[in-house]
Amino acid sequence: MNDGTRTQKLEQVLAKAADGERLSKPEIIFLLGLSTERDLAALFRTARELRARHFSNKLFLYGFVYFSTWCRNDCAFCYYRKSNDLPHRYRKTDEEIVEAAVSLAESGVHLIDLTLGEDPFYRHRGNGIQSLAELVGKVKSQTGLPVMISPGVLSKRGLAQLAEAGADWYACYQETHNRQLFKSLRLNQSYDRRYLSKKQAVEQHLLIEEGILAGVGESLADIADSLNSMQELGAHQVRVMSFVPQAGSSMSAWPTPDRLKELKIIAVMRLLFPNRLIPASLDVDGVEGAQARINAGANVITSLIPPQLGLAGVAQSSKGIEEGHRTVRGILPILEGMNLTAATAEEYKAWVEKERASVSLMHSTGELGGAR
Ligand code: SF4
């Protein structure tokens, strides 16, 4: 395609997205394949304009508490896979978790993201999930903030217990929607079971976050399929993170991808999900990587972690945490430098309540929603 034809096509596709029309798979692949500085600038500009239309100049801030690094699974890309002897394994007590959550709330985050591996401790028959549900209740009442829980695949009953305890969000990443690739990434796990868990979470009126990894062997068509699956699922938050090779994992020798790929996916996500939440995760490149992701259309800063509490990140288990860089104080000057600002806790709560009310309404009217 020559320059003139490409520019004309790009203008058409961006105008279509700006008008709220659904983009076709070939159009998504076309956007993901852009490479010139001028084309990319136009893509990112449109993404920022759409973000501003729905969220003004305000971003949301998420506190992250990775409270158990134990896991029964062996995902090929993960540092905390059960067969890896290198990670420091820990399981924080409820008191330690609440302390971290309160410290994050006091620092100004808008949500507490409680994350753990598929830790057998919280899955044993008896009161495994119940203790997780009680923890959600404690964190919610002590912080007064919405809570996201990322516990891996759960039963319908387990999801109901978490929803009853006050969870607002269920995060569970497929990482790819190519079944063959899934099989090589999430070893010995069921694609369908994982996907079903998210559908069942929506039935419990929870908001859901779906996510993919960039740079794990996926094609542009796979990414377009993932974005389509996210639309079908009705995900309220969609995330992409660049793969980071982990010592001791079976993908330790894989290269980390050029970050431009992640930035293009963020921008295309904004075009497809203009009024949804899209994270700029500090877990890949620390605060240094925040600006580029925000410029691409992200509107949530995730993986803010309180220092000096012995908590880890996921993709970058220690980057910038103990130095206190991954904090509200560390991120605010970056937002200010971009003429952006943090929303208030009330504004975030209002967004969550509005979306949860809309999920409940869809259930009560029996309408499962066009996006699902
Ligand atoms: S990605 Fe999650 S489920 Fe997979 S090994 Fe790591 S912690 Fe466990």
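Above this text you will find the structure in question.
Residues numbered from 1 in each chain as written. Predicted model: local features only at pLDDT ≥ 70, side-chain atom pairs only at ≥ 80, totals over all residues. Heavy atoms only, no water.

Here we look at the overall build of the chain
Filter applied, for reference: Starting at the N terminus, helices and strands are each numbered in turn, a helix being any DSSP run of H or I of at least four residues and a strand any DSSP run of E of at least two. Three labels apply to residues, based on accessible area from a 1.4 Å probe with only protein chains included: buried if under 20% of the type maximum, exposed if over 50%, partly exposed otherwise in between. Contacts between residues were defined by any pair of non-hydrogen atoms, one from each residue, lying within 4.5 Å. Every accessible area reported is derived by Shrake-Rupley at a probe size of 1.4 Å, with residue values counting cover from the shown protein chains alone.
What the chain contains, in helices and strands, is 14 helices and nine strands. Dimensions along the principal axes, computed over C-alpha positions, put the chain at roughly 65 × 45 × 45 Å. Buried positions account for 58% of the 372 residues belonging to the chain. Sequence separation of 24 or more characterises 73% of the internal contacts of the chain that already satisfy a separation of 6 or more. Accessible area of the chain: about 15100 Å², with a carbon and sulfur share of 50%.

Observations regarding the site of the ligand
We count it as follows: When we say a residue is near a molecule or strand, we mean one of its heavy atoms is within 4 Å of it. The residue classification treats Ala, Val, Leu, Ile, Met, Phe, Trp, Tyr, Cys and Pro as nonpolar and Asp, Glu, Lys and Arg as charged. All others, Gly included, are polar.
Taken together, Cys71, Asn73, Cys75, Phe77, Cys78, Arg81, Gly117 and Arg186 make up the full set of residues adjacent to the ligand. A per-class count over the shell around the ligand returns four nonpolar, two polar and two charged.

Considering the pattern of salt bridges
Side-chain pairs of opposite charge can arise whenever the charged atoms involved come near each other. The condition is simple: Just to be clear on terms, a salt bridge is a Lys or Arg side-chain nitrogen sitting within 4 Å of an Asp or Glu carboxyl oxygen.
In this structure the tally under the stated criterion is 25 salt bridges. A salt bridge links Arg356 to Asp168; its shortest N-O distance comes to 3.1 Å. Remark: Asp168 occurs in the loop between α6 (156-164) and β4 (169-171) and Arg356 occurs in helix α14 (residues 345-364); sequence separation between them is 188 residues. Ionic pairing is found between Arg293 and Glu262, a salt bridge with its closest N-O pair at 2.6 Å. Residue Arg293 is found in helix α12 (residues 290-295), and its partner Glu262 is found in helix α10 (residues 259-272); the two are separated by 31 residues along the sequence. On the basis of relative accessibility, which here comes to 2%, the residue Arg293 falls in the buried class. The class for Glu262 is buried, based on a relative accessible area of 0%. The structure contains a network of salt bridges with shared partners spanning Arg259, Glu262, Asp285 and Arg293.

A look at α6
Those residues of α6 that sit buried are Gly158, Leu159, Ala160, Gln161, Leu162 and Ala163. Check the buried side of α6 and you find it contacts α5 (128-143), β3 (147-150), β4 and α8 (191-203). Backbone geometry just after α6 places Gly166 at a positive phi near 115°.

As for the pairing of strand β6 (residues 237-242)
To keep it simple, the criterion reads: One requirement defines pairing of two strands: DSSP has to find at least two bridges between them. By definition, the crossover connecting two strands over a helix is right-handed if that path, from the first strand to the second, turns clockwise as seen with the strands pointing away from the viewer.
β6 sits mainly inside the fold: six of its six residues count as buried. Residues of β6 alternate between two faces, with Gln237, Arg239 and Met241 on one and Val238, Val240 and Ser242 on the opposite face, all of them buried. Two strands pair when backbone bridges link them, and strand β5 (residues 207-214) and β6 are joined in this way by six bridges, in the parallel orientation. What sits directly across from Glu210, in β6, is Val238. For the handedness criterion, the β-α-β arrangement of β5, helix α9 (residues 220-233) and β6 is classed as right-handed.

Topic: unusual backbone geometry
Phi at Asn188 takes a positive value of approximately 55°, unusual for a residue other than glycine. With respect to the secondary-structure elements, Asn188 resides in the loop between α7 (179-185) and α8. For Ser303, which is not glycine, the phi dihedral falls at a positive 70°. Along the chain, the position of Ser303 falls in strand β8 (residues 300-304). Of the residues examined, Ser303 reaches a relative accessible area of 7% and is grouped as buried.

Notes on the nonpolar core
Just so we agree on the cut-off: Definition used in this section: a nonpolar core is a set of buried Ala, Val, Leu, Ile, Met, Phe, Trp, Tyr and Cys residues joined via side-chain atoms within 4.5 Å.
Counting 124 residues, the largest nonpolar core has Leu31, Leu114, Trp169 and Met269 as the members making the most contacts within it. Among all residues touching Leu31, those that are not within four sequence positions of it are Leu10, Val13, Leu14, Leu23, Leu43, Lys264, Val268 and Leu271.

Observations concerning the side chain of Gln200
Its place among the elements puts Gln200 in helix α8. With residues near it in sequence (within four places) discarded, Gln200 still touches Leu154, Lys156, Leu159 and Arg193.

Considering the pairing of strand β1 (residues 58-68)
The buried count for β1 comes to 10 of 11 residues, which makes it a mostly enclosed element. As judged from the two bridges shared by β1 and strand β9 (residues 341-342), these two strands associate in the parallel manner. Bridged to Leu59 within β9 is Ala342. As paired elements, β1 and β8 share three bridges and run parallel to each other. The residue of β8 that forms the bridge with Phe60 is Val300. Note that β1 and strand β2 (residues 111-116) share six bridges and pair parallel. Paired with Ser68 across the bridge in β2 is Leu116.

Scope: geometric values only; no functional claims are made or implied.
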